[in-house]
Amino acid sequence: MSTRISFNELRRIKDMLPDGSMVRIASELGLDPETVRNFFGGQNFKDGKSVGIHIEPGPDGGIVELDDSTVLDAALRILREGI
């Protein structure tokens, strides 16, 4: 099942994460840190991979459909921990 979120909300979540979160999420999930950054809108496909996000133009930066919300779930967990 896919998850839908606005692009701007996805970026807000990324911006609220504490320093080191991209590396932490990557380590926990067995991904390259650039792949995690690409999930949040990065464009480094030389070092990172595509992560199954699809952006549809629209208000609030457009709508992002996530094929897999595992990275988002990890980010939200980190925010709830308040670390």
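As the structure is a computational prediction, the values presented were derived from the model and not from experiment.

Undergrad: Tell me what's going on with the overall build of the protein chain, and back it up with residues and numbers.
TA: Tallying secondary structure elements over the protein chain gives four helices and three strands in all. The linear arrangement of helices and strands in the protein chain, starting from the amino end, is β-α-α-α-β-β-α. For the protein chain, with 83 residues in total, the buried portion stands at 31%. Pairs at least 24 apart in sequence give 59% of the contacts found in the protein chain among residues at least 6 apart. A total accessible area of about 5000 Å² is found for the protein chain, and carbon and sulfur atoms account for 52% of it.

Undergrad: A description of the packing of aromatic side chains should follow, citing residues and the corresponding values.
TA: The description of an aromatic ring pair uses the distance of the two centres, along with the angle that the planes make with each other. The tally for this structure, following the rule as stated, stands at one aromatic pair. On the basis of an interplanar angle of 75° and a centroid distance of 5.1 Å, the ring pair of F39 and F40 is categorised as edge-to-face. Taken as a pair, F39 and F40 share a single burial class, namely buried.

Undergrad: Describe in detail the environment of I78, supporting the description with residues and values.
TA: Mapped onto the fold, I78 is located in helix 4 (residues 70–81). Here the alpha-carbon distance between I78 and R24, two residues 54 residues apart in the chain, equals 9.4 Å.

Undergrad: Lay out the packing of helix 2 (residues 21–29) against helix 4 with the relevant residues and their values.
TA: For the pair helix 2 and helix 4, interaxial distance at closest approach is 10 Å and the crossing angle is 125°. Relative to helix 4, helix 2 is oriented oblique. Pair helix 2 / helix 4 crosses with right-handed handedness. Between helix 2 and helix 4, the residues in contact are S21, R24, I25, E28 and L29 and T70, V71, A74, A75, R77, I78 and E81, respectively. Taken together, the residues that form the contact of helix 2 with helix 4 break down as six nonpolar, two polar and four charged.

Reading the values: rules and limits
- The residue numbers shown here count from 1 along each chain, following its written sequence.
- Residue-level local features of this predicted model are given only where pLDDT is at least 70; pairs of side-chain atoms are given and counted only at 80 or more, and the full residue set underlies all totals for whole chains, interfaces and linings.
- Heavy atoms throughout the structure, all of them, feed into the side-chain values; hydrogens and water do not.
- Only runs of H or I of at least four residues qualify as helices and only runs of E of at least two qualify as strands under DSSP, and these elements are numbered from the N terminus.
- For every residue, the accessible area obtained with a 1.4 Å probe (protein chains only) is divided by the maximum for its type, and the residue is called buried under 20%, exposed over 50%, and partly exposed between those limits.
- A contact between two residues is defined here by any heavy atoms of the two lying within 4.5 Å.
- Each accessible area is a Shrake-Rupley estimate made with a 1.4 Å probe; only the visible protein chains count as cover when residues are assessed.
- Stacked, edge-to-face and tilted labels apply to pairs of Phe, Tyr and Trp rings (six-membered ring for Trp) whose centres lie within 6.5 Å, assigned for plane angles under 30 degrees, over 60, and everything in between, in that order.
- As a rule, the C-alpha atoms of each element are fitted with a line to give its axis, helices using only the stretch in contact, and angles between N-to-C directions run from 0 to 180 degrees.
- Working definition: roughly parallel below 35 degrees, roughly antiparallel above 145 degrees, roughly perpendicular at 65 to 115 degrees, and oblique for all remaining angles.
- Throughout, a crossing is termed right-handed when the near helix is turned clockwise from the far one, and left-handed when it is turned anticlockwise from it by less than a right angle.
- Asp, Glu, Lys and Arg are counted as charged, while Ala, Val, Leu, Ile, Met, Phe, Trp, Tyr, Cys and Pro are counted as nonpolar; the rest, among them Gly, fall into the polar class.

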